[in-house]
Amino acid sequence: MPQTPSGTHRRRRLSRPVPLALAGALLATAAVGLPHLSSEASAATTLRGYADGRGVKIGAAVGDGPLTSDSSYTTVLDREFNSVTAENAMKWDALEPSRNSYNWAAADRLVNHAVAHNQGVRGHTLVWYAQLPSWLKNGNFSASELNTLLKKHIDTTVGRYKGRIYAWDVVNEAFNEDGSMRSSLWQDKLGTGYIANALRWAHAADPAAKLYINDYNIEADNAKSDALYNLAKQLLAQGVPLHGIGFQSHFEVGKVPASMKANLKRFSDLGLEVSVTELDIRIPLPASSAELAQQSTDYKTASENCLGVPRCAGVTLWGVTDKYSWVPGTFSGYGAALPYNEGYAAKPAYTGLSNGLNPNA
Ligand code: XIL
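Since this is a predicted model, take the numbers as computed values, not measurements.

**Q** What is the right way to look at the overall build of the protein chain in this model?
**A** Of the regular secondary structure elements, the protein chain holds 17 helices and 10 strands. Buried positions account for 51% of the 361 residues belonging to the protein chain. For the protein chain, long-range pairs separated by at least 24 residues make up 78% of all intrachain contacts whose partners lie at least 6 apart in sequence. Accessible surface computed for the protein chain: about 14800 Å², of which carbon and sulfur atoms make up 53%.

**Q** Is there a simple way to explain helix H12 (residues 193-205) in this structure?
**A** Since the α-helix packs 3.6 residues into each turn, any two residues three or four apart lie on the same face. With 13 residues, H12 ought to run about 18 Å at 1.5 Å a step, and its terminal C-alpha atoms sit 19 Å apart, in line with that. Restricting attention to buried positions, one finds in H12 the residues Tyr194, Ile195, Ala196, Ala198, Leu199, Trp201, Ala202 and Ala205. Buried residues along H12 sit against strand S3 (120-127), helix H10 (143-160), strand S4 (167-172), helix H11 (185-190), strand S5 (210-215) and helix H13 (223-237).

**Q** Help me out: how do you make sense of the packing of helix H14 (residues 260-268) against helix H15 (residues 289-307) in this one?
**A** Helix packing geometry: the angle between the two helix axes and the distance between the axes. Put simply, H14 and H15 touch, their axes get as near as 8 Å, and they point 25° apart. The pairing of H14 with H15 is recorded here as roughly parallel in orientation. As H14 runs across H15, the sense of the crossing is right-handed. Contact residues: Met260, Lys261 and Leu264 in H14; Ala302, Asn305 and Cys306 in H15. For the contact of H14 with H15, the class distribution of residues is 4 nonpolar, 1 polar and 1 charged.

**Q** Just checking my understanding: could you explain the pattern of salt bridges for this structure?
**A** Think of it this way: side chains of opposite charge can pair up when their charged atoms draw near. Here the structure, examined in full by the defined rule, presents 15 salt bridges. Measuring nitrogen to oxygen at the nearest pair gives 3.4 Å for the salt bridge that ties Lys224 to Asp215. For the pair shown, Lys224 and Asp215 are each scored as buried. Between Lys265 and Asp269 there is a salt bridge, and its shortest N-O distance comes to 3.0 Å. By relative accessible area, Lys265 is classed as partly exposed at 38%.

**Q** Before we go on, may I ask you to explain the pairing of S5 in this structure?
**A** One face of the sheet, then the other: side chains in a regular strand alternate in exactly this way. For S5, the buried fraction is high: 5 of the 6 residues fall into the buried class. Pairing geometry for S4 and S5, over 5 bridges, is parallel. Residue pairing across strands places Asp169 opposite Tyr212, the latter belonging to S5. The pairing of S5 with strand S6 (residues 244-247) spans 4 bridges and is parallel. Its bridge partner being in S6, Ile213 is matched across the sheet by Ile245. Handedness of the S5-H13-S6 crossover: right-handed.

**Q** Sorry if this is basic, but what is going on with the site of the ligand here?
**A** Taken together, 13 residues are adjacent to the ligand, and Glu87, Lys91, His124, Glu278 and Trp318 come closest. One nitrogen or oxygen atom from the side chain of Glu87 is found 2.5 Å from an oxygen atom belonging to the ligand. The contact in question runs from an oxygen atom of the ligand to an N or O atom on the side chain of Glu278, over 2.8 Å. When the free accessible area of the ligand is taken as 410 Å², the share hidden by the protein chains comes to 77%.

**Q** Would you take a moment to explain the state of the cysteines for this structure?
**A** Following the criterion strictly, the structure yields 1 disulfide and no others. Cys306 shares a disulfide with Cys312; S-S distance 2.2 Å. An S-S torsion of about 105° defines the bridge between Cys306 and Cys312 as right-handed. The two residues Cys306 and Cys312 agree in class, both being buried.

Cut-offs and rules
Residues numbered from 1 in each chain as written. Predicted model: local features only at pLDDT ≥ 70, side-chain atom pairs only at ≥ 80, totals over all residues. Heavy atoms only, no water. Helix = DSSP H or I, 4+ residues; strand = E, 2+ residues; numbered from the N terminus. Buried < 20%, exposed > 50% of the residue type's maximum accessible area, 1.4 Å probe, protein only. Contact = heavy atoms within 4.5 Å. Areas by Shrake-Rupley, 256 points an atom, 1.4 Å probe, with all protein chains shown as cover. Expected span 1.5 Å × (residues − 1). Axes fitted to C-alpha atoms, helices over the stretch in contact; angles between N-to-C directions. Parallel < 35°, antiparallel > 145°, perpendicular 65-115°, else oblique. Left-handed = near helix turned anticlockwise from the far one by under 90°. Nonpolar A, V, L, I, M, F, W, Y, C, P; charged D, E, K, R; others polar. Salt bridge = Lys/Arg side-chain N within 4 Å of Asp/Glu carboxyl O. Pairing = 2+ DSSP bridges. Right-handed = clockwise from strand over helix to strand, strands pointing away. Near = heavy atom within 4 Å. Polar contact = N/O pair within 3.5 Å; in protein donor to acceptor, adjacent residues only side chain to side chain. Disulfide = S-S within 2.5 Å.

These figures come from the coordinates and say nothing about function on their own.
Okay, here's the thing in structure tokens:
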């Protein structure tokens, strides 16, 4: 592992406010006069150690398959990540495959795993055009029926995990690339007002959860992020409970947008949280060592682009290891998108990400 404790990582700059827990630990250490620095340093040099030190989340999307069958996977997941997102298990088709018949098993497993390993959970996702059960997609429901179905879905799902999910991607991928609203079951039948309604219903079901709008290709300042910015401003002006924007960040190697940090900052200037929610950085296969080095730089840049902005809540990767990544199945000819390879060896990208999280790197 590249995160072997080294003397240089033990230095702590105290120019930033010291988080309470850390201050307590330092005081306790001082009180007994024994600097337990070696164990402290080794915990701090994991991704989650650095993230905890900064009061932010480092997360990973988790599939139910590896969670239940691969102990190498859970070892890395639990050592390195302080937050998890269900890769598929909380999508509507997974939760309610036939009408009124719920399957909570996989979602419950993840939430229980997270609680047991002191990880937060990001909920993903309540309102999306994709991964809808066919009874819903093909049901020819009227607008008023759809409204009722959506409210029930949100009440039931958010209510079930109330207090155990710190942030929900309430609305996912609502925009087209040109900034117009994407055609979907919700948009076409209910109009853009479904977004405010979904946020209000989710807030009523769990007032403590941070509620997000999440999308891809909004990392740069472009037509799509401009449209989302305008909608976010409008929702806030109307008092709608919108708390954050999720920047999926499915990147191609060497193409982290130059305007990413400034773009995240304009959302944070509205008083919103910002989070990177689905980071992966795909490489045309086979990956060369130059591309793996560039990917490492990209992981550092992408994480710093969020953490360098006020109100960045954290960075979630869309997976842990190349072994289970969605990339090869979706982007033909691409892969190697995550910080661990298929054999759980840390790639250069791990070091890049770790340096992006470590304020002293
Ligand atoms: C992907 C999953 O990774 C795949 O396993 C599934 O087949 C399709 O969905 N944006 C999102 C995620 O918001 O939910 C998607 O996850 C990836 C793109």
